[in-house]
Amino acid sequence: MKFVFTGCVGSGKTEAIKTVSDIPVISTEAIPTDYLSKKTTTVALDYGELHLSKNNKLELYGTPGQRRFSYMWEILSKGASGFIILVNHQRENPLDDLDMYLENFSKYINNNLVVGITHTEDVIRITKELTMYSEHLKKYNFSAAVLPVDARRACNVITLLQALTLSIEEKL
Amino acid sequence: MISNNKTFTKIIEKQLLNLVSNFPFIEEAVIVSSDGYVVANSKTNNKCIEKVSTMGSSMISLADTMTAELKMGRCVNLITENESGLVVIIHINSDLKIITVTRKVSQLGMLLTSTKKYAAKIRESIN
C-alpha cells in the first residue's frame, strides 16, 4: 500500500518517515531560503518503507510542503491508498494550513485520511483541542481520525499508520 | 545560503543575458535556488518560468538522489530531450542551478557546452 505524508513546512513529514522506515530513507533536500529556522527542506519527495511481513509493506511517500511544489503533490498522489496530513499546531493558523492540504488533496483522498497534530508539548491539553480539527474536517465531509503525534517517536507514527490502515480496511 | 543583494543578482543577470545573446538558439536561461526560487531570468515575460524553474530544482535533486543510490556521485548535468526542444539543468554550486531551454533539437551539444561554460563563469563571478 502506498501512503502519502503531506502538510506544511516543518510539520514533521520527513521526520515521521525516517522514524518508522525499515530502509534508509530516500530524500531530496535543499537548504531553504525562506524558512531560515530549518536546515533543509524537501524539494521533490521522501521515500521510506515499513515492512509489515515478508510480502507486505507500506510504501511511505512524503511531499514537499510548499505550494510552489504542488506539481509533486499530484504526481505523488496518483495510486495512493491513504493520506496522512500533518499539522504543526504551533503555527499561527493551523486550520488554514489544514484547509490548504484538504483542498488540494481532496480529489485523491477518497476519505482515506488521518490527521496528525504535531508540535504539541502537552498531549493531555491538546486532546481538548483535537475536537477543533475534527469539527473542521466535517466541513469537507471527511470523517478522519485526528491524533497528536511526535514525529520523532516511532510508536506515535505507527499509531497514525494503524489508524489509517484500519479505516481503509473497514471500507473494504 | 544565497545572498539576496542586488549586486549579486545583477552579476548573474548580466551573465545570463550574455549567454542568450552569444547563443541565440537559447530561448530561456534561468538561475534557480536549490529550493526552487527564481534568482535571475533572461526574460521577464514568461509566465510559466517560475513553475518550470521549481520543477527543475526538484528534478536535479531527484537526479542527485538517484546517482547517490547508484554510488555515482553527484549528478553533473541533467538533459531532457523532448519532441520539440531541449532542457539542460546544471549545478552552479550547492545553492544555485542554471536551466537553459531551446526549441532547436539539433543543438544539444552547443546547449550543453554553452550552459556548462556559463555555469562556470557564474560560479567564478559570485565566489
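**Student:** Can you help me understand helix α5 (residues 154-171) of chain A in this one?
**Tutor:** Helical geometry: 3.6 residues make up each α-helical turn, so side chains three or four residues apart lie on a common side. All names here are of chain A. Counted at 1.5 Å a residue, the expected span for α5 with its 18 residues is 26 Å, and the 26 Å between its end C-alpha atoms agrees. Taken together, the buried positions of α5 are occupied by Val-157, Leu-160, Leu-161, Leu-164, Thr-165, Ser-167 and Ile-168. Down the axis of α5, the smallest arc covering the buried residues is 160°, so these residues share one side.

**Student:** Looking at this structure, how should I read the sheet that holds strand β5 (residues 82-88) of chain A?
**Tutor:** By way of backbone hydrogen bonds, the strands of a sheet pair with one another, either parallel or antiparallel. All names here are of chain A. Read across the sheet, seven strands follow the order β2-β3-β4-β1-β5-β6-β7 without closing on themselves; strand pairing throughout is mixed. Because the sheet does not close on itself, it has two edges, and the strands there are β2 (26-30) and β7 (145-148). For this sheet, the mean angle separating the axes of adjacent strands, direction not counted, is 20°. By the bridge criterion, four bridges tie β2 to strand β3 (residues 41-53) in an arrangement that is antiparallel. What sits directly across from Ile-26, in β3, is Tyr-47. On the sheet, helix α2 (residues 70-77) packs against β1 (2-7), β3, β4 (56-62) and β5 and is oriented at approximately 20° with respect to β3.

**Student:** Any chance you could explain the sheet that holds strand β5 (residues 96-102) of chain B here in plain terms?
**Tutor:** Residues and elements named next belong to chain B. Read from one edge of the open sheet, five strands run β2-β1-β5-β4-β3, paired in antiparallel fashion. At either margin of the open sheet sits one strand with a lone partner, and together these are β2 (38-41) and β3 (77-82). For this sheet, the mean angle separating the axes of adjacent strands, direction not counted, is 15°. Sheet topology places β3 next to strand β4 (residues 85-91); six bridges connect them, and they run antiparallel. Note that in β4 the partner of Asn-77 across the bridge is Ile-90. Across the sheet, helix α3 (residues 108-126) touches β1 (26-33), β3, β4 and β5, and the angle it forms with β4 is around 30°.

**Student:** So what exactly am I meant to see when it comes to the packing of helix α1 (residues 6-22) of chain B against α3 of chain B here?
**Tutor:** A packed helix pair is summarised by two numbers, namely the angle formed by the two axes and the spacing between the axes. All names here are of chain B. At their nearest, the axes of α1 and α3 sit 10 Å apart, and the two run at 160° to each other. Here α1 lies roughly antiparallel to α3, going by the angle between them. With respect to the hand of their crossing, α1 and α3 are arranged in right-handed fashion. Contact with α1, carried on its side by Phe-8, Ile-11, Ile-12, Gln-15, Leu-16, Asn-18, Leu-19 and Asn-22, involves Ser-114, Tyr-118, Lys-121, Ile-122, Ser-125 and Ile-126 of α3 and no other residues of that element. Each residue belonging to the contact of α1 with α3 can be placed in one class, and the counts come to eight nonpolar, five polar and one charged.

**Student:** Honestly, the interface of chain A and chain B in this entry has me stumped. Any pointers?
**Tutor:** Many analyses report the size of an interface as the accessible area lost when the parts associate. Residue-level contacts link 18 residues of chain A with 17 residues of chain B. Where chain A abuts chain B, roughly 1400 Å² becomes buried across the two surfaces, and 67% of that area is made up of carbon and sulfur atoms. Of all residues in chain A, Thr-33, Arg-68 and Tyr-71 of chain A bury the most surface against chain B, accounting for 39% of the area lost on that side. At the junction of chain A and chain B, the tally comes to one salt bridge. Asp-35 of chain B is the partner of Arg-68 of chain A in a salt bridge, and the nearest nitrogen-oxygen pair spans 3.5 Å. Linking chain A with chain B are nine residue pairs in polar contact (both at pLDDT 80 or more). When contributions to the side of chain A that touches chain B are tallied by element, the ones reaching two or more residues are β2, β3 and α2 of chain A. Tallying contributions element by element places β2 of chain A first for the side of chain A that touches chain B, with five residues. Residue composition of the side of chain A that touches chain B, grouped by class: 11 nonpolar, four polar and three charged.

**Student:** Explain the pattern of salt bridges here, please?
**Tutor:** Between side chains of opposite charge, a pair can form as their charged atoms come close. All names here are of chain A. On inspection of all chains with the given rule, the structure shows eight salt bridges over all chains. The partner of Glu-49 in a salt bridge is Lys-57, with the nearest N and O atoms 3.2 Å apart. According to the relative accessible area criterion, Glu-49 is buried, its value standing at 11%. The partner of Glu-135 in a salt bridge is Lys-138, and the shortest N-O contact between them spans 3.1 Å. In this pair, Glu-135 and Lys-138 both sit in helix α4 (residues 123-138), three residues apart, roughly one turn of the helix.

**Student:** Just checking my understanding: could you explain a nonpolar patch on the surface for this structure?
**Tutor:** A contiguous nonpolar patch, built from Met-66, Leu-70 and Met-72 of chain B and spanning about 350 Å² of accessible area, is present on the exposed surface. Mapping Met-72 of chain B onto the fold places it in the loop between α2 (49-69) and β3.

The rules we used
Residues numbered from 1 in each chain as written. Chains lettered and ligands numbered in written order. Predicted model: local features only at pLDDT ≥ 70, side-chain atom pairs only at ≥ 80, totals over all residues. Heavy atoms only, no water. Helix = DSSP H or I, 4+ residues; strand = E, 2+ residues; numbered from the N terminus. Expected span 1.5 Å × (residues − 1). Buried < 20%, exposed > 50% of the residue type's maximum accessible area, 1.4 Å probe, protein only. Arc of directions from axis to C-beta. Pairing = 2+ DSSP bridges. Axes fitted to C-alpha atoms, helices over the stretch in contact; angles between N-to-C directions. Contact = heavy atoms within 4.5 Å. Parallel < 35°, antiparallel > 145°, perpendicular 65-115°, else oblique. Left-handed = near helix turned anticlockwise from the far one by under 90°. Nonpolar A, V, L, I, M, F, W, Y, C, P; charged D, E, K, R; others polar. Buried area = accessible area lost by both parts, 1.4 Å probe. Salt bridge = Lys/Arg side-chain N within 4 Å of Asp/Glu carboxyl O. Polar contact = N/O pair within 3.5 Å; in protein donor to acceptor, adjacent residues only side chain to side chain. Patch = residues over 30% accessible without salt bridge, like charges linked within 9 Å, V, L, I, M, F, W, Y side chains within 5 Å. Areas by Shrake-Rupley, 256 points an atom, 1.4 Å probe, with all protein chains shown as cover.

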